[in-house]
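What follows is each chain in one-letter form.
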Amino acid sequence: MPLDSAEKVMVGMSGGVDSSVCAALLMDMGHSVTGVTLRLYDGEDYQNGETRTCCSLSDAEDAKAVCAKLGIPHYVFNFKRDFEEKVIQNFAEVYKRGGTPNPCIDCNRYIKFDAMLRRAQTLGFSKIATGHYATVRRDSDGRYLLCRSADPTKDQTYVLYCMTQEQLAHTLFPLGGLTKSEVRELARQKGLVTAKKPDSQDICFVPDGDYASFIERYSGCAFPKGDFVDESGVRLGAHGGVIRYTIGQRKGLGIAFGKPTFVLEKNAETNTVVLGDEQKLFYRQVLVDRVNWIAFDKPSGEMPVTAKLRYSQKEQEARLIPLSDNSVLLEFKQPQRAPSPGQSAVFYQEDVVVGGGVIRKGVREHGTEN
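Residues numbered from 1 in each chain as written. Predicted model: local features only at pLDDT ≥ 70, side-chain atom pairs only at ≥ 80, totals over all residues. Heavy atoms only, no water.

**Student:** Please set out the overall build of the chain residue by residue, giving values where relevant.
**Tutor:** Assigned secondary structure in the chain consists of seven helices and 17 strands. Relative to the compact-globule value of 21 Å for 370 residues, the chain shows a C-alpha radius of gyration of 22 Å, a close match. With the C-alpha coordinates of the chain rotated into their principal frame, the extents come out at 65 × 45 × 35 Å. For the chain, the residues scored as buried account for 52% of the 370 residues in total. For the chain, contacts bridging at least 24 residues in sequence account for 65% of all contacts bridging at least 6. A total of about 17100 Å² of accessible surface is found on the chain, and carbon and sulfur atoms cover 47% of it. Counting 47 positive and 47 negative side-chain charges, the chain places the centres of these two groups 2 Å from one another. (Helix = DSSP H or I, 4+ residues; strand = E, 2+ residues; numbered from the N terminus. Rg over C-alpha atoms; globule rule 2.2 N^0.38 Å. Buried < 20%, exposed > 50% of the residue type's maximum accessible area, 1.4 Å probe, protein only. Contact = heavy atoms within 4.5 Å. Areas by Shrake-Rupley, 256 points an atom, 1.4 Å probe, with all protein chains shown as cover. Lys, Arg positive; Asp, Glu negative; His and termini not counted. Charge placed at Lys NZ, Arg CZ, Asp CG, Glu CD.)

**Student:** Lay out the nonpolar core in plain terms, naming residues and giving numbers.
**Tutor:** It is characteristic of soluble globular proteins that their nonpolar side chains tend to be buried jointly. Ranked by internal contacts, the top residues of the largest apolar core, which has 63 residues, are F83 and F205. Among residues more than four places away in sequence, those in contact with F83 are L40, Y41, I88, C107, I111, C204 and F205. With 25 residues, the next largest nonpolar core counts A24, A63, Y133 and A195 among its residues. (Core = buried A, V, L, I, M, F, W, Y, C linked by side-chain atoms within 4.5 Å.)

**Student:** Describe in detail the packing of helix α3 (residues 80-96) against helix α4 (residues 103-122), supporting the description with residues and values.
**Tutor:** At a minimum axis distance of 9 Å, the contact between α3 and α4 shows a crossing angle of 150°. Taken together, the axis directions place α3 and α4 in an arrangement best described as roughly antiparallel. Crossing of α3 over α4 shows right-handed handedness. Two secondary-structure elements touch here, α3 through D82, F83, K86, V87, N90 and F91 and α4 through P103, D106, C107, Y110 and I111. Taken together, the residues of the contact of α3 with α4 sort by class into seven nonpolar, one polar and three charged. (Axes fitted to C-alpha atoms, helices over the stretch in contact; angles between N-to-C directions. Parallel < 35°, antiparallel > 145°, perpendicular 65-115°, else oblique. Left-handed = near helix turned anticlockwise from the far one by under 90°. Nonpolar A, V, L, I, M, F, W, Y, C, P; charged D, E, K, R; others polar.)

**Student:** Lay out the sheet that holds strand β8 (residues 226-229) in plain terms, naming residues and giving numbers.
**Tutor:** Strand order in the open sheet formed by four strands is β9-β8-β11-β10, and the pairing between neighbours is mixed. Across the chains shown, the open sheet's two edge strands, defined by having one partner strand only, are β9 (235-239) and β10 (262-267). On average, adjacent strands in this sheet sit at an angle of 30° to one another, irrespective of strand direction. Bridge count between β8 and strand β11 (residues 272-276): three bridges; the pairing is parallel. Opposite D227, over in β11, you have T272 as the bridge partner. (Pairing = 2+ DSSP bridges.)

**Student:** Explain α3 to me, using residue names and the numbers behind them.
**Tutor:** Between its first and last C-alpha, α3 extends 22 Å over 17 residues, near the 24 Å set by a 1.5 Å rise per residue. Three or more residues of α3 are buried, namely F83, V87, I88, F91, A92, V94 and Y95. Tucked inside the fold, the buried residues of α3 contact α4 and α7 (211-219). Backbone geometry just downstream of α3 places G98 in the positive-phi region, at approximately 95°. (Expected span 1.5 Å × (residues − 1).)

Encoded structure:
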């Protein structure tokens, strides 16, 4: 995304190949580039096959090495307190209430495009940049639009839907027009140590993927066993604590029913987990709260969109129906599996992100809710 003239740009350097090439491309465009690594959590490397987390000490060293190779300054900012207050605490609280949070979205919302941008502006930088796969453009009215990247398999607009006009105006995504293979080839050509580095996959503060154990350690709370029940409230057996289950889960229930049985709902207040047939996981309508609009200040009425309820999901046709208090009802053309409270729904029109929000609940055609 070339600019009209060279600018002073702060690049978030995670120690991965994407942010490394991001910095290199901005230098090629003639900008004055400084790399910064955000210290968010005292994590170490965790590798199991190709699985990696971000935010480890070696990631910071890799970022430093890339900056040295490129001949640009590198600094480390300590945002651990912000990260704990805005990301980790929210993650634990939503899980304790029976929801399924997405901490990467909160990290983007509160840390990378808020705290880092404010720090950059304080230090005299005109822009920040990251290695996200997304693009930004302006419409005929001068409004900034968040748009999908050229590589549909790597597009990250789903986790960026919380961005504001102010943030979009001061953020660059140089990788938006590239594929992942092209990014790795550029890293190889430039001799960057991150060229073959595997992508981070797990949540940085839960490197082993055991969310329940982390929350118990972090909160100091024990989550007692309770009852599996059917939709009528009839007890089916004992569960190991509501935070150990996810909506749509089949395996690992620890009890046999003689037929496929799935988690339909979690109720932290009653300490029950509702089980049933898979068909009961499908909803045509989904209520979404805390919507952030990007394409406009607010919708003028109902509108056709495509929408996705999780990062890896393919977008589905839907009608967006605005409600009061910054909420919407998504009415899908086809029923959607396991809309999970606490996760995010993101709405698109063609390649433009209309907006997104947090899923409150699913609604079936006959009116019952999850």
